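# Residue-level structure breakdown
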Amino acid sequence: MDDLTDTLSQPSATLIDLAQVRGSAAPEIVSFDRHELGQILRVYGRMVAAGEWRDYAIDTLRDRAVFSIFRRASEMPLFRIEKNPKLARRQGAYSVTAASGLVMKRGHELEPVLRVFDKSLKLIEE
């Protein structure tokens, strides 16, 4: 029984002061906020209803957030909607990039950038 009491008197785990851990600089992760996701999902829903898009993925990274749009889940993304706060003062934090890598639209506000997906009617004169 003495062996059992000796092992119970020794700590079985290392205690960590949570105040020190919480005070440390945790890496910030860039993500879309609720309003931004609402705008993106509105466009996404419209294109799904039209049968053009079928799947999406959201990546939250240290330097940017990416909403990738797929025609099929097994393909490369057709488009990427990116939020990069480092570019906010220069070219704008938001961009839409095609599968080829071409930046289709870039800007400081998300709504005008998403207008690249709006289809406009064209008048054809004969």
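Below, the structure is looked at part by part. (Residues numbered from 1 in each chain as written. Predicted model: local features only at pLDDT ≥ 70, side-chain atom pairs only at ≥ 80, totals over all residues. Heavy atoms only, no water.)

### Section: the nonpolar core
Membership of the largest hydrophobic core comes to 21 residues, with the highest contact counts inside it found for Ile40, Trp53, Phe67, Phe79, Ile81, Leu114 and Phe117. Among the elements of the structure, helix H3 (34-49), strand S2 (65-70), strand S3 (79-83), strand S4 (94-98) and helix H4 (110-114) are those that each provide at least two residues to this core. Not counting the four nearest positions on each side in its chain, phenylalanine 79 is found in contact with Trp53, Phe67, Ser68, Ile69, Val96, Thr97, Ala98, Met104 and Phe117. (Core = buried A, V, L, I, M, F, W, Y, C linked by side-chain atoms within 4.5 Å. Buried < 20%, exposed > 50% of the residue type's maximum accessible area, 1.4 Å probe, protein only. Helix = DSSP H or I, 4+ residues; strand = E, 2+ residues; numbered from the N terminus. Contact = heavy atoms within 4.5 Å.)

### Brief notes about the side chain of glutamine 39
Topologically, glutamine 39 is positioned in helix H3. The class for glutamine 39 is buried, based on a relative accessible area of 11%. Ignoring anything within four residues of it in the chain, the contact list for glutamine 39 reads Leu110, Glu111 and Leu114.

### Re the layout of surface pockets
The gaps of empty space that remain are located by a probe, the size of a water molecule, rolled over the atoms. Counted as a void, the largest pocket has a volume near 170 Å³. Broken down by element, the lining of the largest pocket gets its largest block of residues, 4 residues, from H3. Tallied by class, the residues present in the lining of the largest pocket amount to 2 nonpolar, 1 polar and 5 charged. (1 Å grid on protein atoms, 1.4 Å probe; cavity = no way out; pocket = protein on both sides within 12 Å on 5 of 7 lines; lining within 4 Å. Points joined across faces, edges and corners; volume = space filled by probe spheres on them. Nonpolar A, V, L, I, M, F, W, Y, C, P; charged D, E, K, R; others polar.)

### Topic: the pairing of S4
Two faces belong to every sheet, and in a regular strand the side chains alternate between them. Across the 5 residues of S4, 5 count as buried, placing the element largely inside the fold. Residues Tyr94, Val96 and Ala98 point to one face of S4 and Ser95 and Thr97 to the other, with burial holding for every one of them. Note that S3 and S4 share 5 bridges and pair antiparallel. The residue bridging glutamate 82 from the neighbouring strand is serine 95, located in S4. Note: S4 against strand S5 (residues 103-107), 4 bridges, orientation antiparallel. Looking at S5, one finds that serine 95 is bridged to arginine 106. With antiparallel pairing between neighbouring strands as the criterion, S4 and S5 make up a hairpin whose turn holds 4 residues, including glycine 101 at a positive phi of roughly 100 degrees. (Pairing = 2+ DSSP bridges.)

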